[in-house]
Amino acid sequence: MKTILSNQTVDSPENVDLTLKGHTVIVQGPRGTLWRDLKHVNVELSLLGTKKKRLRVDKWWGNRKELATVRTICSHAQNIIKGVTLGFRYKMRSVYVHFPINVVIQETGSLVEIRNFLGEKYIRRVCMRSGVAYSLAQDELILEGNDIELVSNSAALIQ
């Protein structure tokens, strides 16, 4: 069974500027600019209001799976808005019982080395994503950035 129209809106705060170019959502905020290309999804995107502060996502004649993309796109837009206003921070801690894990950040700033993981002699090297700042404090590695996908992907590569 198909639903005639499903729509949802995303509100943006005062200090955030939303723009649409085709199916590309561009968000500018105090921490920078992020954009997401949504050409692969068959939905209708539009900006509402006099100051264009609301993004409306419409899906016409969609089945159940296609209607789920409306909420997904709204969640992506909310994550982008949160990223340019507040940013994202992931905290990771190296926990060990017998073999002390040693985490080292290289001088170039784009490589993290994990030594003595489970007593291995092999050094694990992880290339970090661009746009992610990280710092090391004792056993804790802190990843910060504006794009949640880059920050979470860097955390997953380390884990």
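Residues numbered from 1 in each chain as written. Predicted model: local features only at pLDDT ≥ 70, side-chain atom pairs only at ≥ 80, totals over all residues. Heavy atoms only, no water.

1. Examining the side chain of Arg36
Going by this rule: Under the scheme used here, helices are H or I runs from DSSP no shorter than 4 residues and strands are E runs no shorter than 2 residues, and both carry numbers assigned from the N terminus. The criterion used for residue contact is that any of the two residues' heavy atoms lie within 4.5 Å.
Within the secondary structure, Arg36 is located in strand β4 (residues 32–37). The contact partners of Arg36, leaving out residues within four places of it in the chain, are His23, Thr24, Val25, His76, Ile80, Asp147 and Glu149.

2. Focus on a nonpolar patch on the surface
Rules: Exposure above 30% relative accessible area and the lack of any salt bridge qualify a residue for a patch; like charges then connect within 9 Å, and the nonpolar side chains Val, Leu, Ile, Met, Phe, Trp and Tyr within 5 Å. Where accessible areas are quoted, they stem from the Shrake-Rupley method and a 1.4 Å probe; at the residue level, only the protein chains shown are allowed to cover. The working definition used for a salt bridge is a side-chain nitrogen of Lys or Arg within 4 Å of a carboxyl oxygen of Asp or Glu.
On the surface, Ile4, Leu5, Trp60 and Trp61 cluster together to form a nonpolar patch covering roughly 430 Å² of accessible area. When residues of the nonpolar patch are traced back to their parent elements, those giving at least two are β1 (3–11) and β6 (54–62). The topology assignment puts Trp61 in strand β6.

3. Side note on the side chain of Asp58
Note the threshold: Pairing of N or O atoms within 3.5 Å defines a polar contact, subject to two protein rules: one partner must be a possible hydrogen donor and the other a possible acceptor, and residues neighboring in sequence count only if both atoms are side-chain atoms.
Locating Asp58 in the fold gives a position in strand β6. Side chain to side chain, Asp58 and Arg56 meet in a polar contact 3.1 Å long. Apart from residues lying up to four places away in sequence, Asp58 is in contact with Leu5, Ser6, Asn7, Val43 and Glu44.

4. As for the sheet that holds strand β3 (residues 24–29)
Let me state the cut-off plainly: For two strands to pair, DSSP has to find at least two bridges joining them. Structural elements are reduced to axes, namely lines fitted to C-alpha atoms, with helices fitted over the stretch in contact, and the angle between N-to-C directions of any two is expressed from 0 to 180 degrees.
Read across the sheet, three strands follow the order β2-β3-β4 without closing on themselves; strand pairing throughout is antiparallel. Of all the strands in the sheet, the pair left with one neighbour each is β2 (17–21) and β4. The mean inter-strand angle of the sheet, taken between neighbouring strand axes irrespective of direction, is 15 degrees. Where β2 meets β3, five bridges bridge the pair, whose relative direction is antiparallel. Counted as the bridge partner of Asp17 is Gln28 from β3. Where helix α1 (residues 64–85) meets the sheet, its contacts fall on β3 and β4, and the angle it forms with β4 comes to roughly 165 degrees.

5. Section: the nonpolar core
Convention followed: Definition of nonpolar core: a set of buried residues of the types Ala, Val, Leu, Ile, Met, Phe, Trp, Tyr and Cys, connected through side-chain atoms within 4.5 Å. The classification of residues rests on relative accessible area computed with a 1.4 Å probe and restricted to protein chains. Under 20% of the type maximum is buried, over 50% is exposed, and intermediate values are partly exposed.
Core analysis: the biggest nonpolar cluster contains 19 residues, and Val25, Val27, Leu45, Leu55, Val57 and Ile73 have the highest contact counts within it. At the level of elements, β3, β6 and α1 are the ones that each hand at least two residues to this core. Setting aside residues up to four positions removed in sequence, Val57 forms contacts with Ser6, Asn7, Gln8, Val43, Glu44, Leu45, Val70, Ile73 and Cys74. Counting residues in each nonpolar core, the second largest holds 14 residues, with Ile101, Val103, Val132 and Val151 among its members.

6. Re helix α2 (residues 148–158)
Note the threshold: It is the directions from the helix axis to the C-beta atoms that the arc portrays.
Listing the buried residues of α2 in full gives Val151, Ser154, Ala155 and Ile158. In a view along the axis of α2, the buried residues occupy a sector of 100 degrees, so they form one face of it. Looking at the buried side of α2, the elements it contacts are β7 (88–93), β9 (111–115), β10 (124–127), β11 (132–137) and β12 (140–145).

7. Re α1
Our working rule: In a helix, the anticipated span is given by 1.5 Å times the number of residues less one.
Between its first and last C-alpha atoms α1 spans 33 Å; for 22 residues at 1.5 Å apiece the expected length is 32 Å, and the two agree. Of all the residues in α1, the buried ones are Leu67, Val70, Ile73, Cys74, Ala77, Ile80, Ile81, Gly83 and Val84.

8. Some details on the pattern of salt bridges
What the rule picks out here adds up to nine salt bridges. Residue Arg54 pairs with Asp11 through a salt bridge whose shortest N-O separation is 2.8 Å. Separated by 43 residues along the polypeptide, Arg54 in strand β6 and Asp11 in strand β1 bring together distant segments of the chain. Owing to a relative accessible area of 52%, Asp11 belongs among the exposed residues under this scheme.

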